[in-house]
Amino acid sequence: RGNFCIFCILLLLLPSLSHAVSISQTPRDALQKAGSPFEITCEHDSNNDYMFWYRQDQNWSLRLIAYSYGVGFEENEKDFEAGYKVKRHSITLFTLEIERPEERDTAVYFCATSLAPYFGKGTKLTVLEHDLKTPTVKVLPPSPQQICNKATVTLVCVVTNFYPDHVEVNWKFNGVDVGTVGVSTDDRALQAPDGKTYSITSRFLTTKKRWFNTKNTFTCVTKFYNGTRDEFFQGSINGDKVSLMVSLSLSLSLSPSLETVKQDALWAKLSYGILIAKSFFYGLFVFAVVWKLRVSLA
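These remarks concern the structure in this document. It should be emphasised that the depicted structure is a prediction, and the values quoted were computed from it without experimental measurement. (Residues numbered from 1 in each chain as written. Predicted model: local features only at pLDDT ≥ 70, side-chain atom pairs only at ≥ 80, totals over all residues. Heavy atoms only, no water.)

A few points about the sheet that holds strand β14 (residues 167-173)
Okay, so step 1: One open sheet holds the four strands; their spatial order is β15-β14-β19-β20, and the pairing between them is antiparallel. Looking at the sheet topology across the chains shown, the edges are occupied by β15 (176-177) and β20 (230-238).
Okay, so step 2: Taken together, the nine bridges between strand β19 (residues 217-225) and β20 define a ladder with antiparallel strand orientation. Note that in β20 the partner of Thr217 across the bridge is Asn238. (Pairing = 2+ DSSP bridges. Helix = DSSP H or I, 4+ residues; strand = E, 2+ residues; numbered from the N terminus.)

Some details on the packing of aromatic side chains
Okay, so step 1: Inspection of every chain in the model, using the stated rule, returns 13 aromatic pairs.
Okay, so step 2: Ring geometry for Tyr54 versus Phe119: centroids 5.4 Å apart, planes at 45°, classification tilted. Of this pair, Tyr54 sits in strand β4 (residues 51-56) while Phe119 is found in strand β10 (residues 118-119), placing the two residues 65 residues apart along the sequence.
Okay, so step 3: Taking relative accessible area as the criterion, Phe119 reaches 38% and is therefore assigned partly exposed.
Okay, so step 4: Aromatic rings pair up to connect Tyr50, Phe52, Tyr54, Phe110 and Phe119 into one cluster.
Okay, so step 5: Taking NZ or CZ as reference, Arg210 lies 4.2 Å from the ring centre of Phe173, over its face. (Phe/Tyr/Trp six-rings, centres within 6.5 Å; stacked < 30°, edge-to-face > 60°. Buried < 20%, exposed > 50% of the residue type's maximum accessible area, 1.4 Å probe, protein only. Lys NZ or Arg CZ within 6 Å of the ring centre and 35° of its normal.)

Some points on the pairing of strand β6 (residues 73-76)
Okay, so step 1: Bridge count for strand β5 (residues 62-70) against β6 is four bridges, and the pairing is antiparallel. In the sheet register, Ala66 faces β6, and the bridge partner there is Asn76.
Okay, so step 2: In textbook terms, the turn of a hairpin is the stretch between consecutive antiparallel strands, and for β5 and β6 this stretch comprises two residues, one of which, Gly72, has a positive phi near 85°.

Structure below.
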């Protein structure tokens, strides 16, 4: 019987193991007024009977909302029986409707299919509490200490004063996207204490050679979703030769002068001479003590 159960499980998973499943969710981003119905559509390209809706809250926890094991067979989890409506329209189409969204419904919603689930890219929903605010973007240069002490430098992009937190941050070097190489961005935007705006930072690691070239331009591009389309905001900074002079100046100020080196060498020689003299006299003292002991014993 155990082998038969394993065989049944393999049969259920076979569609998932046979090829990669493509899942599309629409919309990808959504800003919604409280109380206005909101629907997400999920489609996949396989013949999997099982489909699921999940919700990822702001604390990153993932909770199952509802599932379907075939057309016309849908069931909500207990915590989501009220206000959440799901429908399996076909073997490939599954929808989720939030009937009267509230602030607590702000989350990322994921669709999945098969028992060994393939997930969609998610739908980020924000139930608006107040008016939108577009971001301010500023690029900060590397610190003088970093320029002096390290082979690479880090530029920091500070994106502030925006609402909601539907943003993506990318870097360009001389107008060309750098992708993820040398880029480190905060996992999520940080909400201000008053809860009305957000901020996020991103860092770009580059070489000193690039930074010391004033013809080079480093640009931080922030994509902000305004409810209907993406808007782009950016800040830029050019390479800086002055920082090269600062680096050299700091290096020279921290380096010992030739006169200091000569003095240190002289003191080293004198200290060594004193140590040799002390060793000589100590040897004479020990010899004298030993000689006296031998005379007394004789």
